[in-house]
Amino acid sequence: MSVAQITQPRLIQVGAGAVREVATVLRRIGGQRPLVVTDPWMVSSGTVDRAIKPLRDAGIAYDIFAETVPDPTDVVVAAGAAVLKAGGYDSIVALGGGSPIDTAKAMSVLAANGGAMRDYKVPNDIPKIGVPLVAIPTTAGTGAEVTRFTVITDVANDEKMLIAGLPCVPTAALVDFELTMTMPRRLTADTGIDSLTHAIEAYVSRRANPMSDMYAVRAMGLIARNIRRACAEPGDRAAREAMMLGATLGGLAFTNASVALVHGMSRPIGAFFHVPHGLSNAMLLPAVTAFSAGAALSRYADCARAMGAAGVEEGDQAAVARLLDELRRLNEELEVPTPRSYGIEKERWDSLLPVMAQQALASGSPGNNPRVPTAEEIVGLYQQAWS
């Protein structure tokens, strides 16, 4: 077995009220004057004010950059990096879903290294680590608080670029499920399936290892057994806590293995049609799993058992059949739209399929899939997902 490299934040605090430790954690990692990176809704809803009150109470001076957008762009990152450098900030506190956290990571990279975000697109290296970053997720989905990745859209080319490396790993993460209690049903469903996809893809990835497997199996169990309840009963604290822990474990799984074909294909959907990341993953997960399962039957069967979709006594073939049924049923029950029902125009969808397939392959993620696809096969999978 080859040696696995494991990365994660220097400090992770998990549990109800973890966000109240933000001032203590910031000082432990050397931060004295942070820039708080968030989005406009987090400010207008009062979430930022409540979450960073401990900074005020501790006498820590900070400023807020709230210009992040749902699909982080290189334009916003460049603006944020300029603010970070000009203000003399020695740290970042990123508060929000995956988009503010990804934006904050990219701002740190760009401020420390200069140039443009495209310069650091995979497989390019990131030479310098930027200022310390404390990530505080407010959704149970992306796992960005613990990963070595950020995804940034190149506006000029309509391309979602994968940026990866140690400089993208947050220094600390505060994982507080209470921040997710007001998540609406659609967001709970989409980010939950995103987390489930992280865990499944990490487990079946060609880069899987014993450590990532441990995180992935636990994440699948937590998410699959709680996602419906979190959507139906948003005030259920136990379900919310399970989903948040599952999201973080899913992040730890895929950052130490990889994602695969679902993510490779979903990024172009987001770039060209502005479909939220979790939702585009959900659109693709059943079809891509069916395409890939034969190349890693026992691994996908393990996924079915971890999720509770199949019993331990069932054979691999039967377990995978149950997995596919469960993924389709989950999409139906959580009302995941297809690209067609989402309102994407068929003519534009068809015209962009070759470009989308090439972007998917260029991301590198499909190469980690159990069954590595050709561009033509990716086009076929996009066509299957359409209706």
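In the block above lies the structure referred to throughout.
Treat the numbers as computed from the prediction; the structure is a model and nothing was measured.

**Points about a nonpolar patch on the surface**
Piece 1. A contiguous nonpolar surface patch, about 250 Å² in accessible area, is contributed by Ile6, Met211 and Met214.
Piece 2. Relative to the helices and strands, isoleucine 6 resides in the segment before strand 1 (11-14).
Piece 3. According to the relative accessible area criterion, isoleucine 6 is partly exposed, its value standing at 32%.

**Some points on the packing of aromatic side chains**
Piece 1. All told, the structure shown has four aromatic pairs when counted by the stated rule.
Piece 2. Centre to centre, the rings of phenylalanine 149 and phenylalanine 254 are 5.7 Å apart; their planes meet at 10°, and the pair counts as stacked. Of the two residues, phenylalanine 149 is situated in strand 6 (residues 149-154) and phenylalanine 254 in helix 9 (residues 237-255); the sequence distance between them amounts to 105 residues. By the burial criterion, phenylalanine 149 is buried, and phenylalanine 254 matches it.

**Some points on the nonpolar core**
Piece 1. Of all hydrophobic cores here, the largest spans 85 residues; its most connected members are Ile200, Met220, Met265, Trp349, Met356 and Tyr382.
Piece 2. Tallying contributions element by element places helix 8 (residues 210-232) first for this core, with ten residues.
Piece 3. Once residues within four sequence positions are removed from consideration, isoleucine 200 is found in contact with Met220, Leu285, Tyr300, Cys303, Met307 and Leu327.
Piece 4. Core analysis: the second largest hydrophobic core is formed by 27 residues, Leu35, Val37, Leu133 and Ile152 among them.

**Describing helix 9**
Piece 1. Its 19 residues place the ends of helix 9 27 Å apart at the C-alpha level, agreeing with the 27 Å of an ideal helix rising 1.5 Å per residue.
Piece 2. Of all 19 residues that make up helix 9, 15 are buried, and the element is covered over most of its length.
Piece 3. A distance of 3.1 Å separates the backbone nitrogen of alanine 238 from a side-chain oxygen at the start of helix 9, and that oxygen is part of aspartate 236.

**Quick notes on the pattern of salt bridges**
Piece 1. Using the criterion set out here, one finds 21 salt bridges in the structure.
Piece 2. Its salt-bridge partner being arginine 33, residue aspartate 63 comes within 3.5 Å of it at the nearest N-O pair. Pair noted here: aspartate 63 is in strand 3 (residues 63-65) and arginine 33 is in the loop between helix 1 (22-28) and strand 2 (34-37), with a separation of 30 residues, a long-range link.
Piece 3. Between arginine 299 and aspartate 213 there is a salt bridge, with its nearest N and O atoms 2.7 Å apart. Of this pair, arginine 299 sits in helix 12 (residues 297-307) while aspartate 213 sits in helix 8, and the two are 86 residues apart along the sequence.
Piece 4. Classification of aspartate 213 by relative accessible area gives buried; the value is 16%.

**Digging into the sheet that holds strand 8 (residues 172-175)**
Piece 1. Taken together, six strands build an open sheet; the order of strands is 1-8-5-4-2-3 and the sheet is parallel. Strands at the two margins of the open sheet, each flanked by one partner only, are strand 1 and strand 3. Neighbour-to-neighbour, the strand axes of the sheet open up by a mean angle of 20°, direction not taken into account.
Piece 2. Here strand 2 pairs with strand 3 via three bridges, running parallel. Each residue of the ladder has a partner; that of leucine 35, found in strand 3, is aspartate 63.
Piece 3. Docked against the sheet, helix 6 (residues 98-113) engages strand 2, strand 3, strand 4 (91-96) and strand 5 (133-137), running at close to 160° with respect to strand 4.

**Looking at empty space enclosed by the protein**
Piece 1. Scanning the entire structure with this criterion turns up three cavities of 30 Å³ or more.
Piece 2. Lining the largest cavity are 13 residues, with Glu159, Lys160, Met161, Gln359 and Ser363 positioned closest to its centre.
Piece 3. Elements represented by at least two residues in the lining of the largest cavity include exactly strand 7 (159-164), helix 10 (261-273) and helix 15 (346-362).
Piece 4. Ranked by residues supplied to the lining of the largest cavity, first place goes to strand 7 with four residues.

**Digging into the pairing of strand 4**
Piece 1. Counting buried positions over the six residues of strand 4 gives six, a clear majority of the element.
Piece 2. Here strand 4 shows two buried faces, one formed by Ser91, Val93 and Leu95 and the other by Ile92, Ala94 and Gly96.
Piece 3. Pairing between strand 2 and strand 4: four bridges, direction parallel. For valine 37, the partnering residue across the bridge sits in strand 4 and is alanine 94.
Piece 4. Where strand 4 lies against strand 5, five bridges are found, and the strand directions are parallel. Bridge pairing links leucine 95 to isoleucine 136 in strand 5.
Piece 5. After leaving strand 4, the chain enters helix 6 and then returns to the sheet as strand 5, a path that is right-handed.

Calculation notes
Residues numbered from 1 in each chain as written. Predicted model: local features only at pLDDT ≥ 70, side-chain atom pairs only at ≥ 80, totals over all residues. Heavy atoms only, no water. Patch = residues over 30% accessible without salt bridge, like charges linked within 9 Å, V, L, I, M, F, W, Y side chains within 5 Å. Areas by Shrake-Rupley, 256 points an atom, 1.4 Å probe, with all protein chains shown as cover. Salt bridge = Lys/Arg side-chain N within 4 Å of Asp/Glu carboxyl O. Helix = DSSP H or I, 4+ residues; strand = E, 2+ residues; numbered from the N terminus. Buried < 20%, exposed > 50% of the residue type's maximum accessible area, 1.4 Å probe, protein only. Phe/Tyr/Trp six-rings, centres within 6.5 Å; stacked < 30°, edge-to-face > 60°. Core = buried A, V, L, I, M, F, W, Y, C linked by side-chain atoms within 4.5 Å. Contact = heavy atoms within 4.5 Å. Expected span 1.5 Å × (residues − 1). Polar contact = N/O pair within 3.5 Å; in protein donor to acceptor, adjacent residues only side chain to side chain. Pairing = 2+ DSSP bridges. Axes fitted to C-alpha atoms, helices over the stretch in contact; angles between N-to-C directions. 1 Å grid on protein atoms, 1.4 Å probe; cavity = no way out; pocket = protein on both sides within 12 Å on 5 of 7 lines; lining within 4 Å. Points joined across faces, edges and corners; volume = space filled by probe spheres on them. Right-handed = clockwise from strand over helix to strand, strands pointing away.

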